[in-house]
Amino acid sequence: MVLSRVAREIQASATLAITAKAKQLAAEGKDVIGFGAGEPDFDTPENIKNAAIKAIKNGFTKYTPTSGVPKLKEAICEKLFNDNHLKYASSQILVSAGAKQSICNIALVLCDTGDEAIIPSPYWVSYPEMVTLAGAKPVFLETTDKDSFKITKESLAKVITPKSKLLFLNSPSNPTGMVYTEEELREIVMFAVEKGLYVISDEIYEKILYDGAAHFSPAAINDDCYNKVVTVNGFSKVYSMTGWRLGYAAGPEKIIKAATNIQDHTTSGANSITQLAGLEALRGSQESVTVMVKEFDRRRKYIVERLNTIKGISCLLPQGAFYAFPNVSRLCENLSLKGSFDLVSLLLEKAHIAFVPGAPFGADAHIRISYATSMENIEKGMDRFEKFLNT
Ligand SMILES: *Cc1c(COP(=O)(O)O)cnc(C)c1O
């Protein structure tokens with residue numbers, strides 16, 4: 001059987017094997033403490049759920065326009081104007097089944113065979129696969145904890161070639177929790193645009209910020225940037241709506257129109273009920289976001305402090321999202337392990353703690369620890385981690 005290029009080149013999620021193993025151990029009755037969650041452990045806020053129930057009761061159950069329900073698109077424009085100083089018309093918005101679909105549509109619109117897309121590493125696991133899907137080549141721009149996981153104009157200059165087409169940015173970052181300042185983004189994005197690159201700015205963790213860190217949307221820098229940056233955002237993380245599947249892209253009309261055409265022939269419009277829930281998420285009370293971020297903050301401080309007392313581990317204090325991303329290279333050395341996969345496997349089998357290896361994110365010296373789990377689990381997990389290393 002000869003499968004297509006896409007089928008041959010797209011990889012299964014490398015973290016899946018670990019997740020399967022954790023599930024198997026749990027099914028065997030082992031008390032596995034999970035730190036793998038890529039989603040908030042909070043329920044979707046009540047007002048949002050009620051808006052969906054109302055939509056069903058009112059029979060709002062038919063196809064919507066592919067690019068989204070007009071009312072929702074208007075609310076998104078309002079949100080982008082109020083929060084991000086971005087002025088968009090409804091014709092510049094594409095609503096999709098999750099930010100993931102929006103990003104993939106945009107990658108398909110911007111990348112051609114032979115093009116290069118620059119992906120700062122560590123990266124969200126889906127970016128390289130989407131670039132491959134588009135027939136283009138992912139080019140990784142490595143950062144480490146020594147430079148706070150930040151690219152600069154100078155480091156970017158080193159990987160730009162005549163084939164470079166697109167730059168991915170993700171602030172706050174999954175997996176590192178890094179947040180760029182406005183000044184840093186201005187320098188990086190103005191340079192990228194000057195070099196003719198398009199930029200996808202993945203802002204899905206926009207409101208999950210700590211220590212007074214501020215979010216900035218690079219499309220707002222100036223007209224040149226506005227014409228080259230596509231802003232992507234969604235409801236999954238900030239409103240605990242991962243299962244609802246709702247996200248959006250905002251950008252130059254020509255790009256959005258082309259992305260809408262692709263979505264026309266793949267999935268059509270996002271779920272009608274979900275879109276009205278999303279409308280309530282944007283227009284309703286934001287109190288639930290404040291409560292969630294406050295709780296994440298408490299866990300973040302605790303977990304990073306505990307991690308940094310462990311010999312062989314060093315962990316930066318993340319400024320956003322809900323992941324700690326400690327450097328475990330010395331710990332691996334001390335335990336004679338090859339890398340993050342071996343460490344995670346060992347901890348899962350012997351201590352029943354489930355972390356995520358850094359290797360699939362392009363950072364084998366690290367592991368990803370989600371603190372989207374209860375404080376009780378975090379305390380218990382860290383105690384177990386310490387105890388295991390002491391024996
Ligand atoms: C979760 C996540 C997304 C996608 O979220 P959707 O559920 O598809 O809206 C996009 N980018 C990053 C970095 C994420 O962590």
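Note that the structure is a prediction, hence the values are computed from the model and not measured.

**Q** Honestly, the overall build of the protein in this entry has me stumped. Any pointers?
**A** A tally of regular secondary structure across the protein gives 15 helices and 12 strands. Relative to the compact-globule value of 21 Å for 391 residues, the protein shows a C-alpha radius of gyration of 21 Å, a close match. Each principal axis of the C-alpha atoms in the protein carries an extent, and together these give about 60 × 55 × 55 Å. Each of the 391 residues in the protein was classed as buried or not, and the buried ones make up 54%. For the protein, the proportion of contacts with a sequence separation of at least 24, taken over those separated by at least 6, is 75%.

**Q** Explanation requested: the nonpolar core in the structure shown.
**A** When a protein is soluble and globular, its nonpolar side chains tend to lie buried together. Of all hydrophobic cores here, the largest spans 122 residues; its most connected members are Leu-167, Ile-303, Phe-355 and Phe-385. A per-element tally of this core places helix 12 (residues 287-308) first, with seven residues. Those residues in contact with Ile-303 that lie beyond four places of it in its chain are Phe-35, Ala-324, Ile-369, Tyr-371, Ile-378 and Met-382.

**Q** Help me understand the pairing of strand 3 (residues 116-121), please; the structure alone is not making it clear to me.
**A** Look at any regular strand and the pattern is simple: side chains alternate between the two faces of the sheet. Buried residues dominate strand 3, accounting for six of its six residues. In terms of strand pairing, strand 3 meets strand 4 (residues 137-142) through six bridges, oriented parallel. Its bridge partner being in strand 4, Ile-118 is matched across the sheet by Val-139. You can see the chain leave strand 3, run along helix 6 (residues 126-133) and come back into strand 4, and the turn it takes is right-handed. One ladder, built from three bridges, connects strand 3 with strand 5 (residues 164-170); its direction is parallel. Following the sheet pairing, Ile-118 is matched in strand 5 by Leu-167.

**Q** Any chance you could explain the sheet that holds strand 6 (residues 198-202) here in plain terms?
**A** Strand pairing in a sheet is mediated by backbone hydrogen bonds. Such pairs are either parallel or antiparallel. Strand order in the open sheet formed by seven strands is 2-8-7-6-5-3-4, and the pairing between neighbours is mixed. Bordering the open sheet on either side are strand 2 (93-96) and strand 4, each of which pairs with just one other strand. With strand direction ignored, the average angle separating the axes of adjacent strands in the sheet is 20°. Bridging between strand 6 and strand 7 (residues 229-234) involves four bridges; their strand directions are parallel. The partner of Ile-200 across the bridge, within strand 7, is Val-230. Relative to strand 2, helix 10 (residues 253-264) is tilted by about 30°, and along the sheet it contacts strand 2, strand 6, strand 7 and strand 8 (247-250).

**Q** Help me understand the UniProt feature "domain: Aminotransferase class I/classII large" (unreviewed entry) in the protein, please; the structure alone is not making it clear to me.
**A** The sites that UniProt annotates as "domain: Aminotransferase class I/classII large" (unreviewed entry) are residues 30-384. Counted over residues 30-384, helix gives 41% and strand 14%. Its end C-alpha atoms are 14 Å apart.

**Q** Is there a simple way to think about the domain arrangement of the protein in this case?
**A** Interfaces are often sized by the amount of accessible area the parts lose when they come together. We note that the domain assignment places domain 1 (5-43 + 287-390) and domain 2 (48-283) within the protein. Inter-centroid distance (C-alpha atoms) of domain 1 to domain 2 is 26 Å. At the interface, 35 residues of domain 1 touch 33 residues of domain 2. In total, about 2,800 Å² of surface goes out of reach between domain 1 and domain 2, with carbon and sulfur atoms giving 59% of it. Of all residues in domain 1, Gln-319, Ala-321 and Phe-361 bury the most surface against domain 2, accounting for 21% of the area lost on that side. The interface formed by domain 1 and domain 2 holds two salt bridges in total. In this structure, the salt-bridge partner of Asp-211 is Arg-300, at a minimum N-O distance of 2.9 Å. At the boundary of domain 1 with domain 2, the tally comes to 17 residue pairs in polar contact (both at pLDDT 80 or more). Mapped by element, the contributors of at least two residues to the side of domain 1 that touches domain 2 are helix 1 (5-9) and helix 12. With seven residues, the single largest contributor to the side of domain 1 that touches domain 2 is helix 12. Residue classes in the side of domain 1 that touches domain 2 are distributed as 19 nonpolar, eight polar and eight charged.

Rules behind the numbers
- Residues numbered from 1 in each chain as written.
- Predicted model: local features only at pLDDT ≥ 70, side-chain atom pairs only at ≥ 80, totals over all residues.
- Heavy atoms only, no water.
- Helix = DSSP H or I, 4+ residues; strand = E, 2+ residues; numbered from the N terminus.
- Rg over C-alpha atoms; globule rule 2.2 N^0.38 Å.
- Buried < 20%, exposed > 50% of the residue type's maximum accessible area, 1.4 Å probe, protein only.
- Contact = heavy atoms within 4.5 Å.
- Core = buried A, V, L, I, M, F, W, Y, C linked by side-chain atoms within 4.5 Å.
- Pairing = 2+ DSSP bridges.
- Right-handed = clockwise from strand over helix to strand, strands pointing away.
- Axes fitted to C-alpha atoms, helices over the stretch in contact; angles between N-to-C directions.
- UniProt positions renumbered as here; feature names shortened; annotations may be inferred.
- Domains from an automatic or database assignment.
- Buried area = accessible area lost by both parts, 1.4 Å probe.
- Salt bridge = Lys/Arg side-chain N within 4 Å of Asp/Glu carboxyl O.
- Polar contact = N/O pair within 3.5 Å; in protein donor to acceptor, adjacent residues only side chain to side chain.
- Nonpolar A, V, L, I, M, F, W, Y, C, P; charged D, E, K, R; others polar.

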